[in-house]
Amino acid sequence: KALGRLRYEIGLENAAGYLSQNKLLENLLLPVFRIVFGAPGLRNANGDAINTAHIDLVDDKTGLTVQITTDRQAAKITETLTGFLRAKKHRRYRRLKFFVFAAHPANYQKRTTTGWAGLCKGKLKFSPSEDVLQFEGLFQRISNLDHAKVVQIRHIIAQSVVGEEYVDVATAIAGKAQRQVEEEKRSGKYIPDIFV
């Protein structure tokens, strides 16, 4: 439910030209993908640089990379594969997966997926049916995990910024501090320089 709500919100924001939540996806989905892809060393590559070209998440041990995008156009995948290979990242990472987090699922034509296979042939193991994951595919993969992992993923999402167990600590503290200031003013004990 939380991911469905996030998918809807991001779709609306992207349609309006706002891209602020797109970056949120990288960190929100990172612990989920560690479990789903069996890559406990997966980390945000954009922590290494402001924005790492062609990849968002990497696991140096397994050689897995993940590109998270809200752009469902085939051109985005083609551009990323081309740039990834041109930068010779395939020498370090053996697998590039895409997570397309779009409001509506994409349906890629056979001609396009064949072109991707040709582009990667002999350089990078890439199977569009396996390596281009969309929202529905993520749920399917999660549902095929053992119960303990499903519960673990549910717990991660529930306590994230989109989950029902999320507590916005900064807002809660700010509200408490403001109420305390008002109480101090009412009591006549408020001395701005000292209280702040």
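Everything in this summary refers to the structure shown in the same document. If you're wondering where the values come from, they're calculated on a predicted model, not measured in any experiment.

Conventions used here
Residues numbered from 1 in each chain as written. Predicted model: local features only at pLDDT ≥ 70, side-chain atom pairs only at ≥ 80, totals over all residues. Heavy atoms only, no water. Helix = DSSP H or I, 4+ residues; strand = E, 2+ residues; numbered from the N terminus. Buried < 20%, exposed > 50% of the residue type's maximum accessible area, 1.4 Å probe, protein only. Contact = heavy atoms within 4.5 Å. Areas by Shrake-Rupley, 256 points an atom, 1.4 Å probe, with all protein chains shown as cover. Salt bridge = Lys/Arg side-chain N within 4 Å of Asp/Glu carboxyl O. Pairing = 2+ DSSP bridges. Axes fitted to C-alpha atoms, helices over the stretch in contact; angles between N-to-C directions. Core = buried A, V, L, I, M, F, W, Y, C linked by side-chain atoms within 4.5 Å.

**A short note on the overall build of the chain**
Inference 1: Regarding its fold elements, the chain presents nine helices and five strands.
Inference 2: Looking at the 196 residues of the chain, the share that counts as buried comes to 39%.
Inference 3: When contacts within the chain are restricted to residue pairs at least 6 apart in sequence, long-range pairs at least 24 apart make up 63% of them.
Inference 4: Entry remark: accessible area of the chain is about 11700 Å², with carbon and sulfur atoms responsible for 55%.

**Points about the pattern of salt bridges**
Inference 1: Applying the stated rule across the entire model yields five salt bridges.
Inference 2: We note a salt bridge from Arg95 to Asp131, for which the minimum N-O separation is 3.0 Å. In this pair, Arg95 sits in strand β4 (residues 95–100) while Asp131 sits in helix α5 (residues 128–131), placing the two residues 36 residues apart along the sequence.
Inference 3: Since its relative accessible area comes to 0%, Asp131 is described here as buried.
Inference 4: When the shortest N-O distance is used, the salt bridge between Arg141 and Glu130 registers 3.6 Å. One end of the pair, Arg141, is in helix α6 (residues 135–143); the other, Glu130, is in helix α5, with 11 residues separating them in the sequence.
Inference 5: Glu130 sits in the partly exposed class, given a relative accessible area of 42%.
Inference 6: Several salt bridges share partner residues, and in doing so they unite Arg43, Asp60 and Arg92 into one network.

**Some points on the sheet that holds strand β3 (residues 64–69)**
Inference 1: The mixed open sheet is built from five strands, whose spatial order is β1-β2-β3-β4-β5. Of all strands in the sheet, those bounded by a partner on one side alone are β1 (43–44) and β5 (132–134).
Inference 2: Two elements, β1 and strand β2 (residues 57–59), share two bridges in a ladder whose sense is antiparallel. Considered in β2, the bridge of Arg43 is made with Val58.
Inference 3: Running at roughly 155 degrees to β4, helix α3 (residues 74–86) makes contact with β3, β4 and β5 of the sheet.
Inference 4: Seen against the sheet, α6 touches β4 and β5 and runs at an angle of roughly 90 degrees to β5.

**Focus: the nonpolar core**
Inference 1: Counting 27 residues, the largest nonpolar core has Phe33, Phe99 and Leu138 as its most contacted members.
Inference 2: Taken together, the elements giving at least two residues each to this core come down to α1 (2–15), α2 (20–36), β3, α6 and α7 (147–158).
Inference 3: For this core, the element with the highest residue contribution is α2, accounting for eight residues.
Inference 4: Leave out the neighbours within four places in its chain, and Phe99 touches Leu29, Phe33, Gln67, Ile68, Thr69, Leu133, Gln134, Phe135 and Leu138.
Inference 5: Core analysis: the next-biggest nonpolar cluster, separate from the first, contains 19 residues, Ala45, Ile77, Phe84 and Tyr108 among them.

From the geometry alone we can't say anything about function, so treat these as descriptive.
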